[in-house]
Amino acid sequence: MKITIFGTGYVGLVTGACLAEMGNHVVCVDIDAAKVARLRGGDIPIYEPGLESIVRRNHASGRLDFTVDAAPAVAHGEVIFIAVGTPPDEDGSADLKYVLAVAATIGRHLDRYAVVVNKSTVPVGTADRVRAVVATELAARHAAVEFDVVSNPEFLKEGAAVDDCLRPDRIIVGASSARAVAVLHKLYAPFNRNHDRMVVMDERSAELTKYAANAMLATKISFMNEIANIAERVGADVELVRQGIGSDPRIGYHFIYPGAGYGGSCFPKDVQALERTAHSYGYEARLLGAVEAVNRQQKTKLFELISHHFNGALAGKTIALWGLAFKPNTDDMREAPSRQLMEALWDAGAKVRAFDPEAREETHRLYGDRDDLVLCEHAYDVLQGADVLAVVTEWKAFRSPDLAGIRAALAEPAIFDGRNLYDPATVEEAGLAYYGIGRGRSL
Ligand code: NAD
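The name given to the chain in an unreviewed UniProt entry is UDP-glucose 6-dehydrogenase, with Rhodanobacter glycinis as the source organism. Under the Function (unreviewed entry) heading, UniProt states for the chain: "Catalyzes the conversion of UDP-glucose into UDP-glucuronate, one of the precursors of teichuronic acid." The Catalytic activity (unreviewed entry) field of the UniProt record for the chain holds the comment "UDP-alpha-D-glucose + 2 NAD(+) + H2O = UDP-alpha-D-glucuronate + 2 NADH + 3 H(+)".

What follows is the structure, given as structure tokens:
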């Protein structure tokens, strides 16, 4: 099939590459000319496991192309995806300017039936707005062209995006047109060979499904962080509690890890946007507000522990950091807990030496060259001249540390384990102070 995708970010690029992999002819459009030039040259602007080879292979075979030129791209696609950003507006609601700009572009160039598929995370009612914008543009040039708008929210996880896209748990399709549903059945048939993963519903339910999924996941994290904060005060170990509750199949072991707070481009903005949607309909979503509040506080946790360790005297100290990305297997730093931690440390007069397997370039792009930040090439380089070590992102490479080496290198041997990766007793036996999240005795 002929596919057009607006937006070559995490969602658009991965979707385009995976649809090309299935034999479709995909054109990806972006307004960022530099990004398009890099992609055409085989240079992938983001780190995502498996993405580079699939993009290069399909680009070389002629099934995946990149352009800034919207008109021929709209003419190409029988299915036209919108996969542009929906950042938070000033009041926390989703800013739809990029989505609606793409809708207008489609309306300006569409010359025969196409299905417009919205993959961006958008508030309930956006499919209607996209439909209205396309129709207005068509009417302005007296074009009698039929089209359908479908909501098809994306559930891929950064760090496992290619795999998620090739083997989705479910494909949510919100549509009111049987013709559009048939087109999407055909498009997604290669992903449904094992069993039909497509769940068809109305547009509004599909739009809300995406927010409900992210809000549920964020709630699980904030819930466990709340329990961790209680555990810390009552002298319990949240890691034992986690395993204790996870054994109940109604709860399960997935996604109940306490830590340094959730970040990324989705949970913070989507929980907030859902709360704003509820508010605009006269409903106060108190649980969502609490999920956010717990997370805001949790993102200060590592700094509090470090500051407490030094009795507030952080000026002149050097803190070694393992992990900068908001989670492992990505270079994405959006809303990453490491940013809040580093900024608080700098404000307190401390220096940071940091290592991340993939996010160093992005960190440098965000913070530039500064005296109080050294980005190291190797994990153990961060220890040189450092006082203590804090683990912020749970990359696999940090799971079996050389504790004796760390102890020998640090001026004041202590580990602040923001992801509860280590056994406190083992760390202490190696001669280091241990601070975890909700492990009974940190404060
Ligand atoms: P991103 O910021 O990585 O990429 C968005 C891209 O859209 C950018 O390259 C930008 O230049 C481009 N763009 C903006 N306006 C454009 C226009 N008029 N025409 C063409 N391109 C345009 O965003 P992302 O992380 O891929 O997220 C996209 C959407 O998908 C968001 O709504 C997000 O909430 C949702 N989503 C993201 C993830 C994720 O893990 N990143 C997962 C599921 C859903």
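Continuing now.
A. Spatial organisation of the UniProt feature "domain: UDP-glucose/GDP-mannose dehydrogenase C-terminal" (unreviewed entry) in the chain. Here, the residues flagged by UniProt with the feature "domain: UDP-glucose/GDP-mannose dehydrogenase C-terminal" (unreviewed entry) are residues 320–424. When the span residues 320–424 is considered, its composition is 26% helix and 18% strand, and the gap between its end C-alpha atoms is 19 Å.

B. Expanded view of the UniProt feature "active site" (unreviewed entry) in the chain. When the UniProt feature table is mapped onto this chain, "active site" (unreviewed entry) is found at Cys266. Along the chain, cysteine 266 turns up in the loop between helix 10 (238–246) and helix 11 (267–280). Once you skip the residues sitting within four places of it in the chain, cysteine 266 turns out to touch Thr121 and Asn214.

C. Structural context of the sheet that holds strand 14 (residues 433–435). Reading across from one edge, 11-10-9-12-13-14 is the order of the 6 strands in this open sheet, with parallel pairing throughout. In the strand order of this sheet, the two ends are held by strand 11 (373–375) and strand 14, each with one partner. In this sheet, neighbouring strand axes are inclined to one another by 20 degrees on average, regardless of whether the strands run parallel or antiparallel. Across 5 bridges, strand 9 (residues 318–322) lies against strand 10 (residues 351–355) in parallel orientation.

D. Broad picture of unusual backbone geometry. One non-glycine residue with positive phi stands out, namely glutamate 335, at about 60 degrees. Residue classification places glutamate 335 among the partly exposed residues on the basis of 19 C-beta atoms within 10 Å. Residues other than glycine seldom take positive phi values, yet asparagine 420 does so here, at roughly 50 degrees. On the secondary structure map, asparagine 420 appears in the loop between strand 13 (414–417) and helix 17 (424–429).

Criteria and thresholds
Residues numbered from 1 in each chain as written. Predicted model: local features only at pLDDT ≥ 70, side-chain atom pairs only at ≥ 80, totals over all residues. UniProt positions renumbered as here; feature names shortened; annotations may be inferred. Helix = DSSP H or I, 4+ residues; strand = E, 2+ residues; numbered from the N terminus. Contact = placed C-beta atoms within 7 Å. Pairing = 2+ DSSP bridges. Axes fitted to C-alpha atoms, helices over the stretch in contact; angles between N-to-C directions. Buried ≥ 20, exposed ≤ 12 C-beta atoms within 10 Å, placed from the backbone.

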